[in-house]
Amino acid sequence: MLREWADSDLPYLRGLFDAADVAANTDIPSPFDADAFLARIRRRRTQRIVDLAVTRDGGEPLGLVALHVAGGVLGYAVGPAHRGQGLASRSLRRMTEFCHEELGLSRLRLAIVRGNVPSQGVARSAGYVRGDDALVERVNGLGESKLLETWWWTAPGSTGR
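Residues numbered from 1 in each chain as written. Predicted model: local features only at pLDDT ≥ 70, side-chain atom pairs only at ≥ 80, totals over all residues. Heavy atoms only, no water.

Asks: Any details on the pattern of salt bridges? Residues and values, ideally.
Replies: Inspection of every chain in the model, using the stated rule, returns eight salt bridges. Ionic pairing is found between R3 and D9, a salt bridge with its closest N-O pair at 2.7 Å. For the pair R3 and D9, a shared accessibility class is recorded, and that class is buried. (Salt bridge = Lys/Arg side-chain N within 4 Å of Asp/Glu carboxyl O. Buried < 20%, exposed > 50% of the residue type's maximum accessible area, 1.4 Å probe, protein only.)

Asks: An account of the pairing of strand β8 (residues 145-154) is needed here, citing residue identities and associated values.
Replies: Along a regular strand, successive side chains alternate from one face of the sheet to the other. Note that strand β5 (residues 107-113) and β8 share seven bridges and pair antiparallel. Among the inter-strand pairings, R109 is bridged to a residue of β8, identified as W152. By the bridge criterion, two bridges tie strand β6 (residues 129-130) to β8 in an arrangement that is antiparallel. Looking at the pairing, V129 lines up with W152 of β8. What sits between the antiparallel neighbours strand β7 (residues 136-139) and β8 is a turn of five residues, in which G143 has the positive phi angle 85 degrees. (Pairing = 2+ DSSP bridges. Helix = DSSP H or I, 4+ residues; strand = E, 2+ residues; numbered from the N terminus.)

Asks: Residues and numbers for the nonpolar core, please.
Replies: The biggest cluster of nonpolar side chains holds 26 residues, and the ones touching the most others in it are L74, Y76, L92, M95, L110, A123 and Y128. Elements with a minimum of two residues in this core: β2 (49-54), β3 (63-68), β4 (73-78), α4 (87-101), β5, α5 (117-125) and β8. Those residues within four positions of L110 in sequence are excluded, and the remaining contacts are L74, G75, Y76, L92, A123, Y128, E149, T150 and W151. Among the nonpolar cores identified, the runner-up in size contains 16 residues, and L13, I28, F37 and A77 belong to it. (Core = buried A, V, L, I, M, F, W, Y, C linked by side-chain atoms within 4.5 Å. Contact = heavy atoms within 4.5 Å.)

Asks: Describe the environment of L103, listing the residues and the values that go with them.
Replies: Positionally, L103 belongs in the loop between α4 and β5. Expressed as a C-alpha distance, the spacing of L103 and G72, which sit 31 residues apart in the sequence, is 9.7 Å. Once residues lying within four places of it in the same chain are set aside, the contact partners of L103 are L67 and F98.

Asks: An account of the side chain of S119 is requested, with residue identities and associated values reported.
Replies: For S119, the location among the structural elements is in helix α5. Given the relative accessible area of 11%, S119 is considered buried. The contacts of S119, once residues within four sequence positions are left out, are Y76 and I112.

Asks: Which residues make up the environment of P61, and what values do they have?
Replies: Within the secondary structure, P61 sits in the loop between β2 and β3. Taking the relative accessible area as the measure of exposure, P61 reaches 1% and is therefore buried. Considering only alpha carbons, one finds P61 and R109, 48 residues apart in sequence, at a separation of 24 Å. Leave out the neighbours within four places in its chain, and P61 touches R3, W5, D9, Y12, L16, A53, V54 and T55.

Asks: Talk me through helix α3 (residues 34-45); I want residue IDs and the actual numbers.
Replies: Here α3 spans 17 Å end to end across twelve residues, near enough to the 16 Å set by a 1.5 Å rise per residue. Buried within α3 are the following residues: A34, F37, L38, R40, I41 and R44. Summarising the axial view, the buried residues of α3 lie within an arc of 155 degrees, below the 170-degree limit, and thus occupy one face. Here the buried face of α3 lies against α1 (10-17), β2 and β3. At the N-terminal boundary of α3, the capping side chain belongs to D33, with an oxygen 3.0 Å from the backbone nitrogen of D35. (Expected span 1.5 Å × (residues − 1). Arc of directions from axis to C-beta. Polar contact = N/O pair within 3.5 Å; in protein donor to acceptor, adjacent residues only side chain to side chain.)

Written out as structure tokens, the structure is:
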């Protein structure tokens, strides 16, 4: 289940996102600041970027899934203690379906740090394929420059344009 983030999520945030691999593979900053994270989510909403909490039952957050509406770009992260349970794959599939069925998007994109094998597996399981686009350089949450691969999902029967 996906839901909006709330102030009541503050006690869980450090356990989810204060991890070296989260900062290395996303733009979530390290050291992690929970208050700044919630402020960032609210600020991003004004930029048409939607960040939702990944949960099992609408309660405790276990990760996040994000959608940049204008660009059709998705992202995800699951806290270290909750990995290996299919949460990222299910959340990505759910957001992909929503984007296609409710927003009418026929092509969606992921940007995955080159060499992030677990994230590549999530992408594949949700029907995304590695594109032949040039690698894109971005700064991660540790302030390091990383190369990102582009992964695409195209609606069945669509050219994706």
